[in-house]
Amino acid sequence: MTIFERIAAREIPARIVWEDEEVLAFHDVNPQAPVHVLVVPKRVIPRVAEATAADAELLGRLLLATRVVAEKLDLLDSGYRVVINNGRNAGESVPHLHVHVLGGRPLSWPPG
């Protein structure tokens, strides 16, 4: 089980922001911005490059969940960044698709 599966199963505590039957959003334990939340599907997809057409609805739910998180954390007006890392060179550290929601300060571009 990945750490995200263990969080979803409530085996590891997390500061949960929001969840529904398919998606869980919680604060990152190593935040890179004042607001740093991870949005994960409860069903494991190792990374976006391994998603298939059958995952399209769940992928859409993940992106829509980022807006819910942004609203709950008062980021809609100031703005926020949505990031998906895919593979080791992109910074992926857990083989379970997850979306980062970052905000709470001006974010520079380009990242990395």
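To keep things clear, this report deals only with the structure shown in the data block. (Residues numbered from 1 in each chain as written. Predicted model: local features only at pLDDT ≥ 70, side-chain atom pairs only at ≥ 80, totals over all residues. Heavy atoms only, no water.)

1. Side note on the overall build of the protein
- Scanning the protein for helices and strands turns up two helices and five strands.
- What you see in the protein, going N to C, is helices and strands ordered as α-β-β-β-α-β-β.
- Its C-alpha atoms give the protein principal-axis dimensions of about 35 × 30 × 25 Å.
- Across the protein, every contact between residues at least 6 apart in sequence was considered, and the portion connecting residues at least 24 apart equals 54%.
- Of the accessible surface of the protein, which amounts to about 6,600 Å², a share of 53% is contributed by carbon and sulfur atoms.
- Charged side chains in the protein number 12 positive and 14 negative. The centres of these two groups are separated by 5 Å. (Helix = DSSP H or I, 4+ residues; strand = E, 2+ residues; numbered from the N terminus. Contact = heavy atoms within 4.5 Å. Areas by Shrake-Rupley, 256 points an atom, 1.4 Å probe, with all protein chains shown as cover. Lys, Arg positive; Asp, Glu negative; His and termini not counted. Charge placed at Lys NZ, Arg CZ, Asp CG, Glu CD.)

2. Some words on helix α2 (residues 56-72)
- Here α2 contains 17 residues, and its C-alpha end-to-end distance of 25 Å stays within 8% of the 24 Å for a straight helix at 1.5 Å per residue.
- Among the residues making up α2, those that are buried are Leu 58, Leu 62, Ala 65, Thr 66, Val 69 and Ala 70. Buried positions in α2, seen along its axis, are confined to an arc of 140° and lie on one side of it. Within α2, the exposed residues directed more than 90 degrees away from the buried face are Glu 57 and Leu 64.
- In this structure, the buried residues of α2 make contact with β1 (16-19), β2 (23-27), β3 (35-41), β4 (80-83) and β5 (99-103).
- Once α2 ends, the next one or two residues include Asp 74, with phi positive near 60°. (Expected span 1.5 Å × (residues − 1). Buried < 20%, exposed > 50% of the residue type's maximum accessible area, 1.4 Å probe, protein only. Arc of directions from axis to C-beta.)

3. Considerations on the environment of Leu 97
- Within the secondary structure, Leu 97 sits in the loop between β4 and β5.
- In this structure Leu 97 comes out as buried when scored by relative accessible area, which is 2%.
- For Leu 97 and Glu 19, which are 78 residues apart along the polypeptide, the C-alpha to C-alpha distance reads 16 Å.
- Contact partners of Leu 97, with chain neighbours within four places excluded, come to Val 40, Pro 41, Ile 45, Pro 46, Arg 47, Val 48, Leu 59, Leu 62 and Ile 84.

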